[in-house]
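Architecture at a glance
What follows is the residue order along each chain.
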Amino acid sequence: MPRLPKPSLSLADSAQQKLEELVVTLEFAPGSVWSEQSIAEAISIGRTPVREAIKRLEADRLFETVPRHGVRVSEINLYEQLQVVEFRSHLERIISTSAATRALPVERQQLVKMALAFEEAAAKSDILAYLRAVFAANQYIAQCARNPFVTKAITPLFALSRRFYFRYHGELQNLESVSQLHAARARAVAMGDPVAAEQAAVALTKSIEDFTRSIFLRDVGRP
């Protein structure tokens, strides 16, 4: 059975993943200001790859430059989060149906394992394991879709969504229910059924939208 080569991470890739997780899990608090040196020390990676990682996360709207001070972690903007969900819902349907059609057999096996990771995280009420499973599955399904233009469009939305969920997950949504939706989408793609994959993507993004809107209406008011 053919095996896909597992790409090795560059230092910049590794820095990006570590830094993104610190932002998503609010270890780097919204509004906090960091220098390149302080970030490099926090993730134990040199300043050159850290600089590249910061540029990528600025493009993803997780950081913003503060002249002569470094970078600031972006605030969580509830109105913008609704826009994120609106755009993401369309892209997820394209990605899920394409992945269901184009994924290789070895990729389908991996997606089944990813579905189990969601269920294990939910069973343990482990939010960090859940977020890591979301990161892995979203990136992997986008890869399976084999459409670099759609992947490039949706990638910045993933981290914003994960940070939002981490901030509010304990308030209005059950970890088990959303984990089941992610697992169902992964399994539908793995089965190679584009109709089921689209339906699973719609159910997942509808849940995300409802959750986001409920937070918006509670904290901001009706648009």
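1. Thoughts on the pairing of strand 2 (residues 63-66)
Regular strands have side chains that alternate between both faces of the sheet. When strand 2 meets strand 3 (residues 70-73), the two strands line up antiparallel, connected through four bridges. Within strand 3, the residue paired with Glu 64 across the bridge is Arg 72. In this structure, the hairpin formed by strand 2 and strand 3 is closed by a connection of three residues, where Arg 68 is found at a positive phi of approximately 70 degrees.

2. Focus: unusual backbone geometry
Here Arg 61, not a glycine, exhibits a phi torsion of approximately 70 degrees, which is positive. Judged by relative accessible area, which is 51%, Arg 61 ranks as exposed. A positive phi angle, near 55 degrees, is found at Ser 125, a position not held by glycine. If you trace the backbone, Ser 125 turns up in the loop between helix 5 (105-123) and helix 6 (127-145).

3. Some thoughts on the environment of His 169
Along the chain, His 169 turns up in helix 7 (residues 148-172). When its relative accessible area of 23% is taken as the criterion, His 169 is described as partly exposed. Between the alpha carbons of His 169 and Ala 136 there is a distance of 19 Å; along the sequence they are 33 residues apart. Sequence-distant contacts of His 169, that is, excluding residues within four places in its chain, are made with Ile 127 and Phe 211. Polar side-chain contacts of His 169 include one of 3.0 Å to the backbone oxygen of Phe 166.

4. Observations concerning the side chain of Glu 20
Examined against the element boundaries, Glu 20 turns out to sit in helix 1 (residues 11-24). For Glu 20, a relative accessible area of 7% puts it in the buried group. When residues no more than four places from it in sequence are discounted, the contact partners of Glu 20 are Leu 57, Leu 62, Phe 135, Ala 159 and Arg 162.

5. Considerations on helix 4 (residues 78-102)
The end-to-end C-alpha distance of helix 4 is 35 Å, a good match for the 36 Å that 25 residues give at a rise of 1.5 Å each. In helix 4, a bend of some 25 degrees at Arg 88 exceeds every other bend along the element. Among the residues of helix 4, the N-terminal cap falls to Asn 77, whose side-chain oxygen and the backbone nitrogen of Tyr 79 are separated by 3.0 Å.

6. Structural notes on the confidence of the model for the chain
Close inspection of predicted coordinates is inappropriate for parts of the model with low pLDDT. For the chain, the average pLDDT comes to 91, and 94% of its residues sit at 70 or higher. A low-confidence stretch, residues 1-6 stays under pLDDT 50, and its non-local contacts, those more than four residues away or across chains, total seven contacts.

7. Digging into the pairing of strand 3
Where strand 1 (residues 33-34) lies against strand 3, two bridges are found, and the strand directions are antiparallel. Residue Val 33 lies in a different strand from strand 3, and its bridge partner there is Arg 72.

8. Overview of the sheet that holds strand 2
Read from one edge to the other, the open sheet built from three strands follows the order 1-3-2, with strand pairing classed as antiparallel. Where the open sheet ends on each side, the last strands, each with one partner, are strand 1 and strand 2. The sheet strands contacting helix 3 (residues 47-59) are strand 2 and strand 3, and the helix crosses strand 2 at an angle near 115 degrees.

Calculation criteria
Residues numbered from 1 in each chain as written. Predicted model: local features only at pLDDT ≥ 70, side-chain atom pairs only at ≥ 80, totals over all residues. Heavy atoms only, no water. Pairing = 2+ DSSP bridges. Helix = DSSP H or I, 4+ residues; strand = E, 2+ residues; numbered from the N terminus. Buried < 20%, exposed > 50% of the residue type's maximum accessible area, 1.4 Å probe, protein only. Contact = heavy atoms within 4.5 Å. Polar contact = N/O pair within 3.5 Å; in protein donor to acceptor, adjacent residues only side chain to side chain. Expected span 1.5 Å × (residues − 1). Bend = angle between axes of the 7 residues up to and from the residue. pLDDT = per-residue confidence, 0-100. Axes fitted to C-alpha atoms, helices over the stretch in contact; angles between N-to-C directions.

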